[in-house]
Amino acid sequence: MTTQSYLPVPPGVGMEENFLCLDDILLSQEKLPTRTECVFPRLGFVEKTSDTRDIPEGTKMEMPLWLAKGLYDNKRRLVSVEQPKIYRQGWRTVFSADPNVVDLHKMGPYYYGLGSQLLHFDSPENPEIAQTVLQTYIGRFRRIMDSSQNAYNEDTSALVERLDVLERSLFRTGQAGLNDFQRWEKGQASQITASNLVQNYRKRKFPDLEA
């Protein structure tokens, strides 16, 4: 009986989460501002600022992402979801001017993941939010990768602490690639292996040729 080595589970960056990934589990706990669209009977104890037995219609409260997604339904209208501050028009203007000046980790460590999840909730601002999230990633990508390649054996804590969780993973990947190259250049690596992207491409290509 053969055993397989453990492989890290990648996060589900997009509309769907991967609940085998720790980052996605933490992302599902991010709070969203919501408004109740009906009465929630005998749940008044959930809202700490109220002494009522029920949660009345129109109550504004914060819910974790997983709960907001579970209660959100266009037909039944249980709750409506508002945009978190960092995804609103004022911050979208800041991102469009210069995305590199924003401390994403301070504003929300799961900026890209939560931004993608917000597309589950119908809003006329969804196209603008999606575009801003994409352009922010594009605008910050080069600086992150340049820093990861030019900070060999240097203290990068000041830079990394401002990065979103996804960006930190990207930075670590860039540094790992640089370290592998440095080891190969010094003759400390036994061989250079093909990347996962190339290997997956070959796996797809060979069956097509056989067919």
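In this text the structure is predicted, and so the values were computed from the model without any measurement.

Caption draft 1: Spatial organisation of the overall build of the chain. Looking only at helices and strands, one finds 9 helices and 3 strands in the chain. Listing the helices and strands of the chain from first to last along the sequence gives α-β-β-α-β-α-α-α-α-α-α-α. Across the 211 residues that make up the chain, the buried fraction comes to 32%. Here the contacts in the chain between residues at least 6 apart in sequence split such that 63% fall between residues at least 24 apart.

Caption draft 2: A look at the packing of aromatic side chains. Here the structure, examined in full by the defined rule, presents 8 aromatic pairs. Ring centres of Tyr72 and Phe121 lie 5.1 Å apart, and the angle between their planes is 85°; on these two criteria the pair is classed as edge-to-face. Linking Tyr72 in the loop between helix H2 (65-71) and strand E3 (79-81) with Phe121 in the loop between helix H5 (111-117) and helix H6 (126-149), this pair joins segments that are 49 residues apart in sequence. Across the pair, Phe121 and Tyr72 agree in class, each one buried. Pairing Trp91 with Phe95 gives two aromatic rings, centres 6.3 Å apart and planes at 45°, and the pair type is tilted. Linking Trp91 with Phe95, this pair stays in helix H3 (residues 89-97), spanning 4 residues, or about one helical turn.

Caption draft 3: Local environment of the environment of Asn179. Relative to the assigned elements, Asn179 resides in helix H8 (residues 165-185). Asn179 gets classed as partly exposed once you look at its relative accessible area, which sits at 33%.

Caption draft 4: The arrangement of the sheet that holds strand E1 (residues 31-36) in detail. Overall, antiparallel pairing links the 3 strands, which are arranged E2-E1-E3 in an open sheet. Bordering the open sheet on either side are strand E2 (60-64) and E3, each of which pairs with just one other strand. The sheet shows a mean angle of 45° between the axes of neighbouring strands, direction not considered. Note that E1 and E3 share 3 bridges and pair antiparallel. In the sheet register, Thr36 faces E3, and the bridge partner there is Val79.

Caption draft 5: Up close: H6. In this model, H6 (24 residues) spans 35 Å end to end at C-alpha, consistent with the 34 Å of a helix rising 1.5 Å per residue. Along its length, H6 reaches its greatest deviation from straightness, about 35°, at Phe141. Three or more residues of H6 are buried, namely Asn126, Ile129, Thr132, Val133, Thr136, Arg140, Ile144, Ser147 and Ser148. Lining the buried residues of H6 we find H3, helix H4 (104-107), H5, helix H7 (157-160) and H8.

Caption draft 6: Structural detail: a nonpolar patch on the surface. Nonpolar side chains collect at one region of the surface, where Phe19, Leu22, Ile25 and Leu26 lie side by side and expose about 390 Å² of accessible area between them. By the secondary structure assignment, Leu22 is in helix H1 (residues 22-27). Classification of Leu22 by relative accessible area gives exposed; the value is 60%.

Caption draft 7: Representation of the packing of H6 against H8. At a closest axis distance of 8 Å, the pairing of H6 and H8 adopts a crossing angle of 35°. Remark: the crossing between H6 and H8 carries right-handed chirality. Residues Tyr137, Arg140, Phe141, Ile144, Met145, Ser147, Ser148 and Gln149 of H6 form the contact with H8, whose own contacting residues are Leu166, Glu167, Leu170, Phe171, Gly174, Gln175 and Leu178. Within the contact of H6 with H8, the residues separate by chemical class into 8 nonpolar, 5 polar and 2 charged.

Caption draft 8: Examining the pattern of salt bridges more closely. A full pass over the atoms with the stated rule returns 5 salt bridges. Its salt-bridge partner being Arg35, residue Glu37 comes within 3.3 Å of it at the nearest N-O pair. Residue class for Arg35 comes out partly exposed when judged on its relative accessible area of 30%. One salt bridge in this structure joins Glu125 and Arg92, with 2.9 Å as the shortest N-O distance. Of this pair, Glu125 sits in the loop between H5 and H6 while Arg92 sits in helix H3, placing them 33 residues apart in sequence. Residue classification places Glu125 among the partly exposed positions, given a relative accessible area of 31%. Owing to a relative accessible area of 8%, Arg92 belongs among the buried residues under this scheme.

Conventions and cut-offs
- Residues numbered from 1 in each chain as written.
- Predicted model: local features only at pLDDT ≥ 70, side-chain atom pairs only at ≥ 80, totals over all residues.
- Heavy atoms only, no water.
- Helix = DSSP H or I, 4+ residues; strand = E, 2+ residues; numbered from the N terminus.
- Buried < 20%, exposed > 50% of the residue type's maximum accessible area, 1.4 Å probe, protein only.
- Contact = heavy atoms within 4.5 Å.
- Phe/Tyr/Trp six-rings, centres within 6.5 Å; stacked < 30°, edge-to-face > 60°.
- Pairing = 2+ DSSP bridges.
- Axes fitted to C-alpha atoms, helices over the stretch in contact; angles between N-to-C directions.
- Expected span 1.5 Å × (residues − 1).
- Bend = angle between axes of the 7 residues up to and from the residue.
- Patch = residues over 30% accessible without salt bridge, like charges linked within 9 Å, V, L, I, M, F, W, Y side chains within 5 Å.
- Areas by Shrake-Rupley, 256 points an atom, 1.4 Å probe, with all protein chains shown as cover.
- Salt bridge = Lys/Arg side-chain N within 4 Å of Asp/Glu carboxyl O.
- Left-handed = near helix turned anticlockwise from the far one by under 90°.
- Nonpolar A, V, L, I, M, F, W, Y, C, P; charged D, E, K, R; others polar.

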